[in-house]
Amino acid sequence: MSTDTFTLTDNQTGASWTFPVVAGTQGPDAIDIRTLYAETGYLTLDPGFSSTASCASAITFIDGDKGILQYRGYDIRDLAEHATFLEVAYALLYGDLPNLEEKRKFEKDITHHTMVHEQIHSFFRGFRRDAHPMAVMCGVVGALSAFYHDSLDIRDSRQREISAHRLIAKIPTLAAMSLKYMLGQPFVYPRNDLNYAENFLRMCFSVPAEDYRASAAMARAMDKILILHADHEQNASTSTVRLAGSSQANPFACIASGIASLWGPAHGGANQAVLNMLQEIGHVKNISTFLAKAKDKDDPFRLMGFGHRVYKNYDPRAAVLKSSCDAVLDELGVADPLLDLARELERIALEDEYFIDRKLFPNVDFYSGIILKALGFPSEMFTVLFAVARTVGWISQWKEMVEQPDHRIGRPRQVYIGQTCRPVLPLAERPQRKPQAIRQQEG
Ligand code: SDX
């Protein structure tokens, strides 16, 4: 950590205060302002947290200007090419890629926790079959905490670890169950003789009438997609998990809160929204119309899968997914006109000054849906798959936070802009007004 300092001066009073500067191993330094309010009486205001570091973390590093993403110092491209998802999960959880002995033990630990309590099947029955699978996942993942009373003491490192293993192991099983429930097909139990991706794909696509074994190409494509989505520093859903965890809520409830946050179309829900958008565009001749809508401030439409709070360059995950599309679709023998449409849309957008000026590039969600569709998933499942992958990042970030000795409950402040103190008038003396609905319409 740096010994530099930063001095703030109040131009009205001339008073000044000095705060320490915290330097990480790479990336921007930070002014440590945790004593700012106590010393100055001032708060800082940063809606959206564009200039705020919520924590110090050793898990994931992003350089948004250069389009760099590293998990535990390993470049995402190298991990996608040379590691398996469970090796990446091990690195995110414990700090380094596993050696052969560590890998085998971790795979065995995870594999032997993939089943869920039989009673959990009943939770699904409460949903209508047309319930969005993310709604189902919010419910059933939160419900897991009702089944594991033996591993909810977050102060106990062994219970933290078993909770992490249970979540990493069971989230694919629950995700596959949410797909099966939506399709009206029977649940498929996990099998211990299959690897993580093969097991997940079989639970999704096997039926009693015909067993299913994923091809090596499909399993590898699935594994690579999980790696690319595993973690991404302090994004909205990870920050949600950390904030929930800061109150010492149990890890299952914290992961359920992350699933809820990921669902939003501005975040993980964008992958489903991209496919819907491409289908709505339909043909390259319509691209200019949709780009005009995306640029129109009066139109709420945004180009889904484009733009990012941190990346002001090409999202390296999108680059890997884009380059994988051809190979995966060829190996699966799938041709999808939406891929050509997506590529043309990207080409035109990246030549448009609106997107150039704002440094808007394709993000992880722009191409992922095309591969997931080729693997056989309905678009409603795309964000569920994102949640399957991100559970590893969420639980790793939760573990890092809980294990930091000085971690405290997260409790942001506000700038109050409402009414100042005023008397409660008797009902008969309160002013007459137009009905609320009319006032809202009038703005
Ligand atoms: C993910 O944080 C993470 O790391 C997230 C994630 C992860 O792995 O966890 O990477 C996953 O969520 C990826 C993002 C998926 N979302 C989308 O693809 C939805 C479309 N993108 C936008 O909604 C937007 O780009 C965000 C939400 C991703 C980022 O929003 P910001 O950082 O708040 O940016 P902004 O809204 O302030 O935009 C800056 C300007 C604005 O124009 P001006 O007011 O300056 O004129 O860029 C414009 C925006 O209108 N803009 C877009 C746009 N994204 C930003 N205009 C059209 N289409 C877009 N997609």
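Look a little higher up for the structure.
Residues numbered from 1 in each chain as written. Predicted model: local features only at pLDDT ≥ 70, side-chain atom pairs only at ≥ 80, totals over all residues. Heavy atoms only, no water.

1. Describing the site of the ligand
Quick reminder of the rule: Only a single heavy atom is needed: when it lies within 4 Å of a molecule or strand, its residue is near that molecule or strand. N or O atoms closer than or at 3.5 Å make up a polar contact, with two conditions inside protein: a donor-capable atom paired with an acceptor-capable one, and, for residues adjacent in sequence, both atoms drawn from side chains. Only the protein chains shown count as cover for residues, and the accessible areas themselves come from Shrake-Rupley with a 1.4 Å probe. Each residue gets one of three labels, nonpolar for Ala, Val, Leu, Ile, Met, Phe, Trp, Tyr, Cys and Pro, charged for Asp, Glu, Lys and Arg, and polar for the others, Gly among them.
Surveying the vicinity of the ligand reveals 24 residues, the closest of which are H232, H308, R309, R317 and R390. At a separation of 2.6 Å, an oxygen atom of the ligand approaches a polar side-chain atom of H232. H267 is positioned with one of its side-chain polar atoms (N or O) 2.9 Å from an oxygen atom of the ligand. Here the ligand loses 77% of its free accessible area of 1,100 Å² to cover by the protein chains. Grouping the constituent residues of the shell around the ligand by class yields ten nonpolar, seven polar and seven charged.

2. Quick notes on the sheet that holds strand β4 (residues 60-63)
Applicable threshold: Paired strands, in this sense, are two strands between which DSSP finds at least two bridges. A run of H or I in DSSP counts as a helix once it spans at least four residues, and a run of E counts as a strand once it spans at least two, with each numbered from the N terminus.
Overall, antiparallel pairing links the three strands, which are arranged β4-β5-β6 in an open sheet. Either end of the sheet is taken by a strand with one partner, and the two such strands are β4 and β6 (74-75). Note that strand β5 (residues 68-71) and β6 share two bridges and pair antiparallel. Along β6, the bridge assignment pairs Y71 with Y74.

3. A look at the sheet that holds strand β1 (residues 5-9)
Sheet architecture is open: three strands sit in the order β1-β2-β3, paired in antiparallel fashion. Only two strands of the sheet have a single neighbouring strand rather than two, namely β1 and β3 (30-31). Bridge count between β1 and strand β2 (residues 16-22): five bridges; the pairing is antiparallel. Counterpart to T7 in the pairing with β2 is T18.

4. Regarding a nonpolar patch on the surface
As a reminder, the rule being used: Patch definition: residues above 30% relative accessible area lacking any salt bridge, with like charges linked at up to 9 Å and the nonpolar side chains Val, Leu, Ile, Met, Phe, Trp and Tyr linked at up to 5 Å. Salt bridge, as used here: a side-chain nitrogen of Lys or Arg that lies within 4 Å of a carboxyl oxygen of Asp or Glu.
There is a patch of nonpolar side chains on the surface, built from F6, L8, I31 and I33 and spanning about 290 Å² of accessible area. If you trace the backbone, F6 turns up in strand β1.

5. Thoughts on the environment of R191
Heads up, the rule is: Note on contacts: a residue pair is in contact if any heavy atoms of the two residues lie within 4.5 Å.
Of note, R191 is situated in the loop between α7 (157-183) and α8 (196-205). For the pair formed by R191 and R202, sequence separation is eleven residues and the distance between their alpha carbons is 8.9 Å. Once residues lying within four places of it in the same chain are set aside, the contact partners of R191 are N199, R202, D211 and R213. Within the structure, R191 has its side chain in polar contact with the side chain of D193 (distance 2.8 Å).

6. Here's the deal with the side chain of Q70
Counted only if it meets this: Here the term buried applies to any residue with accessible area under 20% of the maximum for its type, exposed to any over 50%, and partly exposed to those in between, with areas from a 1.4 Å probe on protein chains only.
With respect to the element layout, Q70 can be found in strand β5. Overall, the relative accessible area of 15% leaves Q70 in the buried class. Non-local contacts of Q70, meaning those with residues more than four positions away in its chain, are made with Q26, I59, T60, F61 and D75.

7. Notes on the pairing of β2
The turn joining β1 and β2, which pair antiparallel and follow one another in sequence, is formed by six residues; a positive phi near 80° is taken by G14. By the bridge criterion, two bridges tie β2 to β3 in an arrangement that is antiparallel. Residue pairing in the sheet places V21 in a bridge with I31 of β3.

8. Thoughts on the pattern of salt bridges
In the structure shown here, the tally under the stated rule is 25 salt bridges. Across the pair D32 and R34 runs a salt bridge whose closest N-O atoms are separated by 2.9 Å. A relative accessible area of 67% means that R34 is categorised as exposed. With a shortest N-O distance of 3.3 Å, R347 and E351 are connected by a salt bridge. Given the relative accessible area of 38%, R347 is considered partly exposed.

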